[in-house]
Amino acid sequence: MLRDGRNAGTGPTAGTDAGAIVGPLAAFALLAAFFAHSAAASPTCEGSAAGPGAYGCVRELAGHTVLNLRGTDAEIGAMYGRLQANELHGAYVPMMEGMYGELPGSFERLWRGYLRRFPRFMDEPMKVRAQGLEGALGLPAGTIARYAWFSELGTVGPAIALATGGSAQFDGVTGGTIGGCTSFVARDGDTTVHARNVDYWGMGFWQPHATIVFVDPRTASGGRDGNRYAQLSDLGEVWAGTTGVNERGLVVTTHLHVSRDVAPLDGALTLSPLALF
């Protein structure tokens, strides 16, 4: 299951492989301070920065896209879509549809079967945020969940291939094996540094579309709805699933690793010559 980072530090965070506690507010404050010097970046904004209502801004800083989003899940998803509409329609959607277009038709059947077996693949707040994004972009319902499923597919597909005697996947851009994300944590006195690399499918697209998002989740009445957090992500990633840090100092990172330790689950769906789930 994929989840966002608002409650990190106050409960379990599913689907993550690595995490580190840093000094409360330290990493979040450093990120916010670095990107606060943005007057010359000519931000595009909607809503008012004052008060608890929905608010969003996007700007370009040091070659990165930086978004500040405040609101409910529906408002955050919609603002992300409106503020990044040109980039999402021009790059993200074509990239994802292009990847799906290269897959055999059995993958669509696999996706539908996956949803039947794992109906909580996305929790309710994630679904609401995805719906806001889909509405802003005019995409059919379920499109963003389908795109997010590539996170699961990127792990399960190569694992099945290796377990059944196939070869490892290699990235066409880097030449490296897909599935080798790594993190490290270093501490020097009161300073803690967490760093990671990304060995993932889609290399060549992610690098020029690096995106940093600061999120202030709110209830419908404008009250706080968990911890504020920052996510270091990429175009189209509307949830803090890859790398994020909240204001309490908890860092969460998701890694992609491929294992040969694979067992079929709950019957079989045919995927090319392989049986998956």
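Procedures and definitions
- Residues numbered from 1 in each chain as written.
- Predicted model: local features only at pLDDT ≥ 70, side-chain atom pairs only at ≥ 80, totals over all residues.
- Heavy atoms only, no water.
- Phe/Tyr/Trp six-rings, centres within 6.5 Å; stacked < 30°, edge-to-face > 60°.
- Helix = DSSP H or I, 4+ residues; strand = E, 2+ residues; numbered from the N terminus.
- Buried < 20%, exposed > 50% of the residue type's maximum accessible area, 1.4 Å probe, protein only.
- Salt bridge = Lys/Arg side-chain N within 4 Å of Asp/Glu carboxyl O.
- Disulfide = S-S within 2.5 Å.
- Axes fitted to C-alpha atoms, helices over the stretch in contact; angles between N-to-C directions.
- Left-handed = near helix turned anticlockwise from the far one by under 90°.
- Contact = heavy atoms within 4.5 Å.
- Nonpolar A, V, L, I, M, F, W, Y, C, P; charged D, E, K, R; others polar.

A. Structural context of the packing of aromatic side chains. Applying the stated criterion across every chain, the model contains two aromatic pairs. With centroids separated by 5.6 Å and ring planes inclined at 85 degrees, the aromatic side chains of tyrosine 92 and tyrosine 147 adopt a geometry described as edge-to-face. Highlighted residues: tyrosine 92 in helix H3 (residues 85–101) and tyrosine 147 in helix H6 (residues 143–148), separated in sequence by 55 residues. Here tyrosine 92 matches tyrosine 147 in class, with each residue buried.

B. How the structure looks around the pattern of salt bridges. Counted according to the given criterion, the structure contains seven salt bridges. A salt bridge links aspartate 216 to arginine 224, with the nearest nitrogen and oxygen atoms 3.7 Å apart. Aspartate 216 sits in the buried class, given a relative accessible area of 12%. What you see here is one network of salt bridges that share partners, running through Asp216, Arg218, Arg224, Arg228 and Glu247.

C. A look at helix H2 (residues 73–83). Counting buried positions over the 11 residues of H2 gives eight, a clear majority of the element. Asp73, Ile76, Gly77, Ala78, Met79, Tyr80, Gly81 and Leu83 are the residues of H2 that are buried.

D. Examining the state of the cysteines more closely. For the structure shown, the criterion picks out one disulfide. Each sulfur in the disulfide pair cysteine 45 and cysteine 57 lies 1.6 Å from the other. Classification of the bridge connecting cysteine 45 and cysteine 57 rests on its S-S torsion, roughly 90 degrees, and on that basis the disulfide is right-handed. Here cysteine 57 lies in strand S3 (residues 55–61) and cysteine 45 lies in strand S2 (residues 44–47), a separation of 12 residues in the sequence. With relative accessibility at 39%, the residue cysteine 45 sits in the partly exposed group.

E. The packing of H2 against helix H5 (residues 124–137), seen in detail. Between H2 and H5, the least distance of the axes is 7 Å, while the angle of their chain directions is 35 degrees. For the element pair H2 and H5, the recorded crossing hand is right-handed. Contacts between H2 and H5 involve Asp73, Ala74, Ile76, Gly77, Ala78, Tyr80, Gly81 and Arg82 on the former and, on the latter, Pro125, Val128, Arg129, Gly132, Leu133, Ala136 and Leu137. Counted by class, the contact of H2 with H5 contains nine nonpolar, three polar and three charged residues.

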